[in-house]
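Coordinates in review
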Amino acid sequence: AVMNGVALFDQSSMAKFVVQGRDACRALNRLCTADIDVAPGRVVYTQWLNEAGGIEADLTVTRVSEREVWVVTSVGSHVHDGAWLRRQLDPDAHVTVTDVTAAMALLGLMGPRSRTLLAEVSGADLSNGAFAFGQSREIEIGYGVVRAQRITYVGELGWELYVPADLALHVFDRLLAAGTRHGLKLAGFHALNARRTEKGYRHWGHDIGIDD
């Protein structure tokens, strides 16, 4: 389904941190190997390095607004990355870090037919011109306002959908109901891991780590 159709992943266990404040972008940019001082609505894949140059974290950073940045990392790195982030921030910086993992569900809609299905349930223009890879913006699904990010860990066309926890079941049901017309299948982390391995995407703790 992921390779030829469309699959729905529940990735809600992924760790999510909201970094806010006047110095949020500047403070995070000092830690990231990639430049995350981008226009609001952009997603950047990056890493954090320790003093020896080893990889401490492998994650994505989303510039939501001038003063708000999201950090999303794997469930296995939740405590490590959250603690490392807080320790590395300049104590004099005007910045706060909030762990919103439990407050926000994450649904991954992936596969060649994901665009057709998501456009149907949201009414949003998801064409390449309107919604390019690496972009992030809010769309509506049913009663829910969802932040959709066009990024993938499975190597296919797809979106990560960040949904307030109280609306997660509603959005999930809307996607599932509409998906029957598109051959939607439910998929899990074993399928995700198989696809990211096939694509050659690295995973911190297995393919890369603090010694690399």
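See above for the structure.
This write-up is about the structure you can find in this document. From a predicted model like this one, the values you see are computed outputs, not experimental measurements. (Residues numbered from 1 in each chain as written. Predicted model: local features only at pLDDT ≥ 70, side-chain atom pairs only at ≥ 80, totals over all residues. Heavy atoms only, no water.)

Where helix H3 (residues 114-122) meets helix H4 (residues 168-179), the closest approach of the two axes is 10 Å, and the angle between their N-to-C directions is 120°. In this view, H3 runs oblique relative to H4, as classed from their interaxial angle. Crossing angle aside, the handedness with which H3 passes H4 is right-handed. Contacts from Leu-117, Leu-118, Glu-120 and Val-121 in H3 reach Arg-174, Leu-175, Ala-178 and Gly-179 in H4. Residue classes in the contact of H3 with H4 are distributed as 5 nonpolar, 1 polar and 2 charged. (Axes fitted to C-alpha atoms, helices over the stretch in contact; angles between N-to-C directions. Helix = DSSP H or I, 4+ residues; strand = E, 2+ residues; numbered from the N terminus. Parallel < 35°, antiparallel > 145°, perpendicular 65-115°, else oblique. Left-handed = near helix turned anticlockwise from the far one by under 90°. Contact = heavy atoms within 4.5 Å. Nonpolar A, V, L, I, M, F, W, Y, C, P; charged D, E, K, R; others polar.)

It is possible for side chains bearing opposite charge to pair when their charged atoms get close. Evaluated as defined, the whole model comprises 5 salt bridges. The salt bridge partner of Arg-26 is Asp-23, with a shortest N-O separation of 3.5 Å. Between Asp-37 and Arg-63 there is a salt bridge whose closest N-O contact spans 2.9 Å. One end of the pair, Asp-37, is in the loop between helix H1 (24-29) and strand E3 (42-49); the other, Arg-63, is in strand E4 (residues 55-65), with 26 residues separating them in the sequence. With a relative accessible area of 47%, Asp-37 lands in the partly exposed category. Residues joined by salt bridges that share partners form a network here, namely Arg-22, Asp-23 and Arg-26. (Salt bridge = Lys/Arg side-chain N within 4 Å of Asp/Glu carboxyl O. Buried < 20%, exposed > 50% of the residue type's maximum accessible area, 1.4 Å probe, protein only.)

Burial in helix H2 (residues 78-88) covers these residues: Asp-81, Gly-82, Trp-84 and Leu-85. Take H2 and look down its axis: the buried residues cluster within an arc of 165°, on one side only. Seen from the buried face of H2, the exposed residues on the opposite side, beyond 90 degrees, are Val-79 and Arg-87. Each element contacted by the buried residues of H2 is listed here: strand E2 (15-20), H1, E3, E4, strand E5 (68-73) and strand E6 (96-99). (Arc of directions from axis to C-beta.)

We now examine the packing of aromatic side chains. To describe a pair of aromatic rings, one takes the distance between the centres and the angle between the planes. Within this structure, the stated rule accounts for 3 aromatic pairs. Ring plane angle 20° and centroid distance 5.6 Å describe the contact between Trp-48 and Trp-84, whose orientation is recorded as stacked. On the criterion of sequence distance, the pair formed by Trp-48 in strand E3 and Trp-84 in helix H2 is long-range, its members being 36 residues apart. Neither Trp-48 nor Trp-84 differs from the other in exposure class; each is buried. Ring centres of Phe-131 and Trp-159 lie 5.8 Å apart, and the angle between their planes is 90°; this geometry places the pair in the edge-to-face category. (Phe/Tyr/Trp six-rings, centres within 6.5 Å; stacked < 30°, edge-to-face > 60°.)

Coordinates in, geometry out; function isn't part of it.
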